[in-house]
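Remarks on the overall topology
What follows is the residue order along each chain.
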Amino acid sequence: MGTIAGARSGPAREVPGPDAESAVLERELTEAVLAGAARSDVLHALARATDRQVRLLSAEGAPLATTDGGAGVSAAVADGVLADATGPVVDTLDGLRATALPVRAGTTVTGVLLTLGPGGPRVRALAGAAVTALLIDAVRSGDGPGEVSSRHSPADVIAALRAGTVSSSVCAAARELGIDPQRPPAGAVLHYDGSHLRAWSTALAWLEHPVQQEGRTAWTVVPDESVLVRLQNRLRFMTGDDCADLVVAASGSHTDSLLGTADSFTEAERLLGLARTRRVPLLTFDRCGVVQALLPLPRARLEAYAEAHLGPVRHRPELMVTLRAWLAERGSRQSVSQQLHLHRNSVGYRVRQIKHLLGTDPLLPAASAELHLALAALDLIAADDRRLHGDDEPESRRR
């Protein structure tokens, strides 16, 4: 096929740094593979981007595809790379130095990626951008990944962290997975609302993060929001869905110990339910606003607050939807009219009813803050109901 976009010869595009450049390259390589590009196309594109010769090796160190026809590495060196034991620089069997990167997905590996010559942060970041595309190619071509055995599977570790049953053996297994007990990551959860369920399961199996899956929902851990966004994007690419909001993601807060990760997972699950209720693709603890104050509260407290501030209109669906729109549009009758497909006079009539029943103007600063919080409490209640009742129906069927 032709040159993959983003790795063309000629003047380089200006980007703020290696992370931004690698993010662009990852997206373009992944899209190219999904469109039919082969692993050789990925390697040649990576070679142009890094200005290095590139080799893809099997888990045993034998060359699978190269841009220079060169050799691989010994089996011992390949084992060391896959175990993260030898560092990024290795010697090939034909006497060259190379930067090595494992092509892995959780505890499964499909090979080793080499970039010849001196490395550096930029080269390592660009090489990492090719991993997703190479994993997709391996799945598509039916290459069998090698398995790394462990007393606790990655799913076992995530299940233990969710339940708060963290033993010494779980801690040891977590360390093997790159989870630092001294700096615990946040609990995260992803939900799939698309129709390609087999592709969803396959994509989860090929993530480089430990994952526990139950149907359309998957749990993992992330150090920060950027990693969660990256996982979300990879899953979108690998499921092949066009609609960007079919993979919904949420994460909880960071805690002081692995035991506290159970609370983080609970927060993430509540925020996922809230994200699905509000139809937003991503919601994290750090960016959920006043909802942070509501997350620790039991249902009874949420119910009491919502009833106190929304009681007279709470069971009037037409007034509730109007109130939400009126607050969101800051009192623009025209915007609310367009959003709800109502005549402007109908909007005005409903707003007068709301003011009368609540005994206040919803747009007054104090009233607006209270109503926003009460609506968020209702959304959390609805999200909890969905989670506790095991409602797994795709959001697309609700629209």
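First things first, this report covers the structure right here in the doc. Worth saying up front: this structure is predicted, and the values here are computed from it rather than measured.

This part is about the sheet that holds strand S10 (residues 247-251). With mixed pairing, five strands are arranged side by side in an open sheet as S8-S9-S7-S10-S11. Of all strands in the sheet, those with a lone pairing partner are strand S8 (212-214) and strand S11 (282-284), marking the two edges. Within this sheet the neighbouring strands show an average axis-to-axis angle of 15 degrees, counted without direction. Looking at chain direction, S10 and S11 are connected through three bridges and run parallel. Residue pairing across strands places Ala-249 opposite Leu-282, the latter belonging to S11. Against the sheet, helix H9 (residues 225-239) engages strand S7 (186-192), strand S9 (217-222), S10 and S11, with an angle of about 160 degrees to S10.

A word on the packing of aromatic side chains. Applying the stated rule across the entire model yields one aromatic pair. Consider the rings of Tyr-192 and Trp-200, whose centres lie 5.1 Å apart with planes at 10 degrees: the pair is stacked. On the basis of relative accessibility, which here comes to 0%, the residue Tyr-192 falls in the buried class. The aromatic ring of Trp-219 is capped on one face by Arg-162, whose charged end is 3.6 Å from the ring centroid.

In this section: the pattern of salt bridges. For the structure shown, the criterion picks out 20 salt bridges. Of the charged contacts in the structure, one is a salt bridge between Glu-269 and Arg-162, with a shortest N-O distance of 3.2 Å. A residue pair is termed long-range when its members are at least 10 positions apart, and Glu-269 in helix H10 (residues 261-278) and Arg-162 in helix H6 (residues 154-163) qualify at 107 residues. Given a relative accessible area of 24%, Arg-162 falls into the partly exposed group. Across the pair Asp-385 and Arg-299 runs a salt bridge, and its minimum N-O distance is 2.6 Å. Pair noted here: Asp-385 is in helix H16 (residues 365-388) and Arg-299 is in helix H12 (residues 299-314), with a separation of 86 residues, a long-range link. For Arg-299, a relative accessible area of 36% puts it in the partly exposed group. Through salt bridges with shared partners, a single ionic network connects Arg-299, Glu-303, Glu-307, Arg-314 and Asp-385.

Here we come to the environment of Val-221. Structurally, Val-221 is set in strand S9. With 33 residues separating them along the chain, Val-221 and Ala-188 place their C-alpha atoms 5.3 Å apart. The residues touching Val-221, leaving out its near neighbours within four places in the chain, are Ile-158, Leu-161, Ile-179, Pro-185, Ala-186, Gly-187, His-209, Pro-210, Thr-261 and Phe-265.

Conventions used here
Residues numbered from 1 in each chain as written. Predicted model: local features only at pLDDT ≥ 70, side-chain atom pairs only at ≥ 80, totals over all residues. Heavy atoms only, no water. Pairing = 2+ DSSP bridges. Helix = DSSP H or I, 4+ residues; strand = E, 2+ residues; numbered from the N terminus. Axes fitted to C-alpha atoms, helices over the stretch in contact; angles between N-to-C directions. Contact = heavy atoms within 4.5 Å. Phe/Tyr/Trp six-rings, centres within 6.5 Å; stacked < 30°, edge-to-face > 60°. Buried < 20%, exposed > 50% of the residue type's maximum accessible area, 1.4 Å probe, protein only. Lys NZ or Arg CZ within 6 Å of the ring centre and 35° of its normal. Salt bridge = Lys/Arg side-chain N within 4 Å of Asp/Glu carboxyl O.

Take it as geometry only, folks, not as evidence of what the structure does.
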